[in-house]
Amino acid sequence: MKSTTQLGAIAHTVMERCEMLSHYSEEPDRLTRRFASPALSQANAVVATWMQAAGMTVEHDAIGNLIGRYEADKMGAQTFLLGSHLDTVRDAGKYDGPLGVLTALACVGRLHQQQQRLPFALEVLAFADEEGLRYHNAYLGSKAMTGVFDPRLLSLIDADGISMNEAIRAFGGTPDPQRLQTPRWRRDEILGYCEVHIEQGPILESRNLPVGVVTAISGQKRFTVDIVGQAGHAGTVPMTLRHDALCAAAAFILAAETLAKSIPGLVATIGQLSVQPGASNVIPGQVSLSLDVRHQDDALREQACQQLYERARQISEERKVHLHWQLLQDDPSIACTTRLFQLLERAIQEEGYPIYALPSGAGHDAVVLSKLTDVAMLFVRCRGGISHHPAEAVKVEDVAVAIQVLERFLLQLS
Ligand code: GLV
Ligand code: MN
Ligand code: MN
């Protein structure tokens, strides 16, 4: 086992690297790193150099995921997967994603430094899209890597009119449907996947715990809802004769909030709204909004989505506007694998920390990886439970605990 000072220095490097990566942004004053953006390309390039320095061979796959590989102590061994994502939301914090990539890298770097190899190879995966910010469709990176990418997504268009196909090409990838539908590994080639991630919620902090083991990850559905009314003059059209798309959207947004509040565990979010034509003296003629619905129970989530659709239809009828309801993403809830979950618990206990298990309301690449292999996740306490926000913060001491636990977990696996 490492000395506390060594661990502290390693954790400190992880924190410094998260800070460094936060400067690779598409926007000057805030961190925004969308899928296949130049900022992601820069982040990938610097992480690739860190991977090489940690003794890994490095490659990019067809969609632009970055993969570092550290060979086993023998030929033909299976591979264990670690990692997380390097894309971010808009105006993001520094740790959602990069922390998982960099803690994994720290463990491999440590093995390399000690010239130690495990009976299995390690791959550190830095996924190119977990957030779905650019194309409103999450997990593009892990879906391509596991061969469940839907090639119809290639024709999606981003806010600047760039298709996913073009974006992947510009990023240096290969938008070839066949390659994007081919899993990187056969099932029997891999042993499992473990992801370290900030908790993004307040539970660990409230219990004064540095880390926790994830039991399950909530499923999510994402929709685009377009409401088409009639644009017109703000000064001349009487209120009774209007078909204001934004007023209809407002009614729907509040209806979604009311429904979500009435069902324990349900969360519904409208995070993006575009109003056309968008002038202060023009009645809104068209609104596009995003809708994100989550619940751990798949049937309950499905039912809630149906209710939301019915409510949107009613509102549209009452207000004589048109409704277009489009499903963009549908991922079920998953349970983390008992075997790996228990190993993580043991690792935490053996490192001298209390065990605590909790579910994840946030989505993670582990959801997609679970279709191919066993998955586990280790959560790290974050300040105030704040995430998807620049105030996201973790303590260097907690990062040290996560590295310690991950190392022990890998040793137990071997
Ligand atoms: C990713 O952070 C998500 O849960 O949307
Ligand atoms: Mn996120
Ligand atoms: Mn994340």
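Look a little higher up for the structure.
Residues numbered from 1 in each chain as written. Chains lettered and ligands numbered in written order. Predicted model: local features only at pLDDT ≥ 70, side-chain atom pairs only at ≥ 80, totals over all residues. Heavy atoms only, no water.

Engineer: Just to check I follow, could you spell out the side chain of Ser387 for this structure?
Structural biologist: Within the secondary structure, Ser387 sits in the loop between β16 (375-380) and α12 (396-413). By relative accessible area, Ser387 is classed as buried at 17%. Only 2.7 Å separates the side chain of Ser387 from the side chain of Glu392, close enough to count as a polar contact. Beyond its immediate chain neighbours, meaning those up to four positions away, Ser387 contacts Asp96, Ile198, Gln200 and Glu392. (Helix = DSSP H or I, 4+ residues; strand = E, 2+ residues; numbered from the N terminus. Buried < 20%, exposed > 50% of the residue type's maximum accessible area, 1.4 Å probe, protein only. Polar contact = N/O pair within 3.5 Å; in protein donor to acceptor, adjacent residues only side chain to side chain. Contact = heavy atoms within 4.5 Å.)

Engineer: It is not clear to me how the coordination of the manganese ion (ligand 3) should be interpreted in this structure. Could you clarify?
Structural biologist: In ideal tetrahedral geometry, four donors around a metal make angles of 109.5 degrees, whereas ideal octahedral geometry with six donors gives angles of 90 or 180 degrees. Note on the manganese ion (ligand 3): its protein donors are His85 (NE2), Asp96 (OD) and His197 (NE2). The metal-donor distances range over 2.0 to 2.3 Å. Spacing between the donor residues of the manganese ion (ligand 3) along their common chain follows H-x10-D-x100-H. The distance between the manganese ion (ligand 3) and the manganese ion (ligand 2) comes to 3.5 Å, with Asp96 serving as a donor to both metals. Taken together, the residues His85 in strand β3 (residues 79-85) and His197 in strand β5 (residues 190-198) connect sequence positions 112 residues apart. This pair shows no difference in class: His85 is buried, exactly as His197 is. (Donors = N, O, S within 2.8 Å, 3.2 Å for Na, K, Ca; no water.)

Engineer: What's the story with the nonpolar core in this structure? I'm lost.
Structural biologist: Looking at soluble globular proteins, one finds that nonpolar side chains tend to be buried together. One finds Phe80, Leu122, Phe409 and Leu410 to be the most contacted residues of the largest nonpolar core, which totals 78 residues. Ranked by residue count, the leading element in this core is α12, at 10 residues. With residues near it in sequence (within four places) discarded, Leu410 still touches Phe80, Leu82, Cys107, Leu118, Phe120 and Leu122. Ile67, Leu81, Leu125 and Phe379 belong to the second largest nonpolar core, which has 26 residues in total. (Core = buried A, V, L, I, M, F, W, Y, C linked by side-chain atoms within 4.5 Å.)

Engineer: What should I look at first to understand the packing of helix α1 (residues 4-21) against helix α2 (residues 38-53) in this one?
Structural biologist: Each packed pair of helices is defined by two parameters, the angle between the axes and the distance between the axes. Two elements in contact, α1 and α2, have axes separated by 10 Å at closest approach and are oriented at 155 degrees. Viewed along their axes, α1 and α2 adopt a mutual orientation that is roughly antiparallel. In terms of crossing hand, the pair formed by α1 and α2 is right-handed. Contacts from Arg17, Met20 and Leu21 of α1 reach α2 at Ala43, Val46, Val47 and Trp50. Its residues placed into classes, the contact of α1 with α2 shows six nonpolar, no polar and one charged. (Axes fitted to C-alpha atoms, helices over the stretch in contact; angles between N-to-C directions. Parallel < 35°, antiparallel > 145°, perpendicular 65-115°, else oblique. Left-handed = near helix turned anticlockwise from the far one by under 90°. Nonpolar A, V, L, I, M, F, W, Y, C, P; charged D, E, K, R; others polar.)

Engineer: I keep staring at the site of ligand 1 and nothing clicks. Help me out?
Structural biologist: Lining the immediate surroundings of ligand 1 are Glu130, Glu131, Arg222, Arg294, Ala362, Gly363 and His388. One nitrogen or oxygen atom from the side chain of Arg222 is found 3.3 Å from an oxygen atom belonging to ligand 1. Within the backbone of Gly363, an N or O atom sits 2.6 Å from an oxygen atom of ligand 1. For ligand 1, whose accessible area on its own is 200 Å², the fraction buried by protein is 95%. Split by residue class, the shell around ligand 1 holds one nonpolar, two polar and four charged. (Near = heavy atom within 4 Å. Areas by Shrake-Rupley, 256 points an atom, 1.4 Å probe, with all protein chains shown as cover.)

Engineer: Looking at this model, I keep getting lost on the environment of Asn137. Mind explaining?
Structural biologist: Mapped onto the elements, Asn137 comes out in the loop between β4 (121-127) and α4 (140-146). On the basis of relative accessibility, which here comes to 3%, the residue Asn137 falls in the buried class. Considering only alpha carbons, one finds Asn137 and Phe223, 86 residues apart in sequence, at a separation of 9.4 Å. Other than its neighbours up to four places away in sequence, Asn137 contacts Asp129, Gly132, Leu153, Leu156, Leu328 and Gln329. One polar contact links the side chain of Asn137 to the main-chain carbonyl oxygen of Leu328, over a distance of 2.7 Å.

Engineer: Explain the coordination of the manganese ion (ligand 2) here, please?
Structural biologist: On the protein side, the manganese ion (ligand 2) has Asp96 (OD), Glu131 (OE), Glu131 (OE) and His388 (NE2) as donor atoms, found 2.0 to 2.6 Å from it. The class of Glu131 is buried, set by a relative accessible area of 8%. We classify His388 as partly exposed; its relative accessible area is 41%.

Engineer: Would you explain α2 in this entry?
Structural biologist: Given 3.6 residues to a turn, an α-helix orients residues that are three or four positions apart in the same direction. Over its 16 residues, α2 extends 23 Å from the first C-alpha to the last, a length consistent with the 22 Å expected when each residue adds 1.5 Å. Where α2 is concerned, the buried positions are Ala39, Leu40, Ala43, Asn44, Val46, Val47, Ala48, Trp50 and Met51. Where α2 is buried, its residues meet α1, β1 (57-60), β2 (66-70), α3 (98-113) and β4. The first or second residue beyond α2 is Gly55, which carries a positive phi of 85 degrees. (Expected span 1.5 Å × (residues − 1).)

Engineer: Where do I start with the packing of helix α10 (residues 338-350) against α12 in this structure?
Structural biologist: Relative orientation of the contacting elements α10 and α12 amounts to 125 degrees, with a least axis distance of 8 Å. Considered as vectors, α10 and α12 are oriented oblique to each other. The crossing of α10 and α12 is right-handed. Two secondary-structure elements touch here, α10 through Arg339, Leu340, Leu343, Leu344, Arg346, Ala347, Ile348 and Glu350 and α12 through Val405, Arg408, Phe409, Gln412 and Leu413. Per-class residue counts for the contact of α10 with α12 are eight nonpolar, one polar and four charged.

Engineer: Even after reading the chapter, I still don't get the pattern of salt bridges, so can you show me in this structure?
Structural biologist: Where charged atoms of side chains with opposite charge meet at close range, the side chains can pair. The final tally for this structure, using the stated rule, is 29 salt bridges. Asp73 is the partner of Lys74 in a salt bridge, and the nearest nitrogen-oxygen pair spans 3.8 Å. Residue classification places Lys74 among the partly exposed residues on the basis of a relative accessible area of 47%. For Arg152, the salt bridge goes to Asp150, with nearest N and O atoms at 2.8 Å. Overall, Arg152 belongs to the exposed group, its relative accessible area being 65%. Counted as one network, the salt bridges with shared partners bring together Glu26, Arg34, Arg134, Asp158 and Asp160. (Salt bridge = Lys/Arg side-chain N within 4 Å of Asp/Glu carboxyl O.)

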